[in-house]
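Each chain is listed here by its residues.
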Amino acid sequence: MAVLISIPHFTPLTLLSLLLSCPLLVSSLNITDLLSSYPDLSEFSSLLATTAVATDLSSRSSVTLLTVPNAYLRTADVENRRSSPSLPDVLRYHVLLEYLSLSDLRLIPPTGKLVTTLFQTTGRAAANSGPVNITYDSSSATVTFRSPASNATLLSPIKTLPYNISILSLNSLLIPYNLDLMASETRPPLDLNITKALIDGHNFNVAASMLAASGVVSEFEADEAGAGITVFVPTDEAFADLPSSVKLQSLPADKKAVVLRCHVLHSYYPLGTLEAIVNPIYPTLATEQNGAGSFTVNISRVNGSVAIDTGIVQASVTQTVFDQNPVAIFGVSKVLLPKEFFGRNPIEMNKPSAGGGVIAQPPDIALSPGNSPSRPSHLSAPPGVELRSAAGEAVGVLRILWSWWCIGLCYLLL
């Protein structure tokens, strides 16, 4: 006897409407919140937070975090480790870019398994020293994690959120090859006067004046003794090219300081490393003070140059002002205006108007209702480069492709 299956009748427009009305869930990983439930991991969690590696993790998925309990971190060395310029990269070495549960680890062959680390994506890892080698001994049920310079044994799994994050505890820190956590004890302080370095550069007088007046330059110089810093400094011409509608100098002192912090990364990145960036979203010093995911910059290669994109403005690195570990200072072609202050929707903000100019959307602060149609916006990207939200663009493309697939299927069923 034939069985009739009733297929609900949907028109293509109905399917499309249902599809577009479904929200897409986007998660942000807050590793310090996850670790807060485990007091014996408080020291390791603190190291992640103070080096901004916790912020690096916020945009990641499918990772395994290797933690070390307080009892296995020598208390006397904790403060020394905090001041080591190598500490952020050592911690990045404990972030495996693959989800591995306990059952996954027990399936590793005797020959071992090499797993890529977050440290490897920075471009600073020495040849063949970026991944972690994991082995499993079935006779003793022991999982061992090895670097070229050290090894550690799995104590226990801490938490798993399939297939987003797996947190494991080890009996010691893993030290990548050619990195020394105690280097800060023997390396003389650089004591670079950033303001003087900019004045000596002869094209950064406005930036030097703003840094000195705001007081944030002292924050930057204090980081020279830690993980290092990378500073993107707009040229005098970049400040002169700001549209009259951008009231940067009229911002309250606290917000002006946030804008300046948006020009600084809390790690030392020489030009070669910036050119080899794999994970393009980077937190700034402003991110650390305002929360994960805010005041970030996107670093990429555009037309052969390093480009820094805030979401509403894209600047390019024009010159190296200073480069000596742990400080790198680069001149950039535009002021890095954060979207959190200067507009919520970068796509609409740069949409051409009928008169050939741009239509500015109502921003959070500082911008006037619009720019003159006769004058193109200085917030637009260089020729051939569009400024848009990467997440929004990806969602839009996926929805369109899925919608057309549904429409085609619908016609086949009609």
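Residues numbered from 1 in each chain as written. Predicted model: local features only at pLDDT ≥ 70, side-chain atom pairs only at ≥ 80, totals over all residues. Heavy atoms only, no water.

### A word on the overall build of the protein
Part 1: Along the protein, the regular secondary structure elements total 18 helices and 14 strands.
Part 2: Relative to its 414 residues, the protein shows a buried fraction of 46%.
Part 3: Entry remark: accessible area of the protein is about 20100 Å², with carbon and sulfur atoms responsible for 57%. (Helix = DSSP H or I, 4+ residues; strand = E, 2+ residues; numbered from the N terminus. Buried < 20%, exposed > 50% of the residue type's maximum accessible area, 1.4 Å probe, protein only. Areas by Shrake-Rupley, 256 points an atom, 1.4 Å probe, with all protein chains shown as cover.)

### Some details on the sheet that holds strand β6 (residues 151-161)
Note on sheets: strands pair through backbone hydrogen bonds, and any given pair is parallel or antiparallel.
Part 1: Taking strand neighbours across the sheet as the criterion, the seven strands line up as β2-β1-β7-β6-β5-β4-β3 in an open arrangement whose pairing is mixed. Of all strands in the sheet, those with a lone pairing partner are β2 (95-96) and β3 (113-115), marking the two edges.
Part 2: In this structure, β6 lies alongside strand β7 (residues 165-170), joined through six bridges in antiparallel fashion. Across the sheet, residue L161 finds its bridge partner in β7, namely I165. (Pairing = 2+ DSSP bridges.)

### So, the pairing of β6
Part 1: Pairing between strand β5 (residues 142-146) and β6: three bridges, direction antiparallel. Bridge pairing in β6 places F145 opposite A152.

### Digging into the side chain of T67
Part 1: Residue placement: T67 occurs in strand β1 (residues 63-67).
Part 2: Filtering out sequence-adjacent residues up to four positions away, T67 remains in contact with L35, L41, F44, I158, I167, L168, S169 and L170. (Contact = heavy atoms within 4.5 Å.)

### Describing the sheet that holds strand β13 (residues 314-324)
Part 1: Spatial ordering of the open sheet is given by β9-β8-β14-β13-β12-β11-β10, a layout of seven strands whose pairing is mixed. A strand with exactly one partner marks an edge of an open sheet, and here the two such strands are β9 (264-265) and β10 (281-282).
Part 2: Bridge count between strand β11 (residues 297-302) and strand β12 (residues 305-309): five bridges; the pairing is antiparallel. Counted as the bridge partner of I299 is I308 from β12.

### A closer look at the nonpolar core
Part 1: Core analysis: the biggest nonpolar cluster contains 39 residues, and I194, L198, F220, L248, I329, L337 and F342 have the highest contact counts within it.
Part 2: Among residues more than four places away in sequence, those in contact with L248 are M210, F239, L242, K256, V259, V335 and F342.
Part 3: In terms of nonpolar packing, the next biggest core, distinct from the first, is built from 22 residues, L57, L73, L118 and L173 among them. (Core = buried A, V, L, I, M, F, W, Y, C linked by side-chain atoms within 4.5 Å.)

### Here's the deal with the pattern of salt bridges
Part 1: Applying the stated criterion across every chain yields a total of five salt bridges.
Part 2: For the salt bridge of R92 with D89, the shortest nitrogen-to-oxygen distance reads 2.9 Å. In this pair, R92 and D89 are both assigned in helix α6 (residues 87-92), three residues apart and thus about one turn of the helix distant. Like D89, R92 is buried. (Salt bridge = Lys/Arg side-chain N within 4 Å of Asp/Glu carboxyl O.)

### Some points on the packing of aromatic side chains
Part 1: Taken as a whole, this structure holds five aromatic pairs when the rule is applied.
Part 2: Ring centres of Y93 and F119 lie 6.2 Å apart, and the angle between their planes is 75°; this geometry places the pair in the edge-to-face category. Here Y93 is found in the loop between α6 and β2, whereas its partner F119 is found in the loop between β3 and β4 (132-137), with 26 residues between them in sequence. No difference in accessibility class separates Y93 from F119, as the two residues are buried.
Part 3: With a centroid separation of 5.4 Å and an interplanar angle of 75°, the aromatic rings of F295 and F341 are classed as edge-to-face. (Phe/Tyr/Trp six-rings, centres within 6.5 Å; stacked < 30°, edge-to-face > 60°.)

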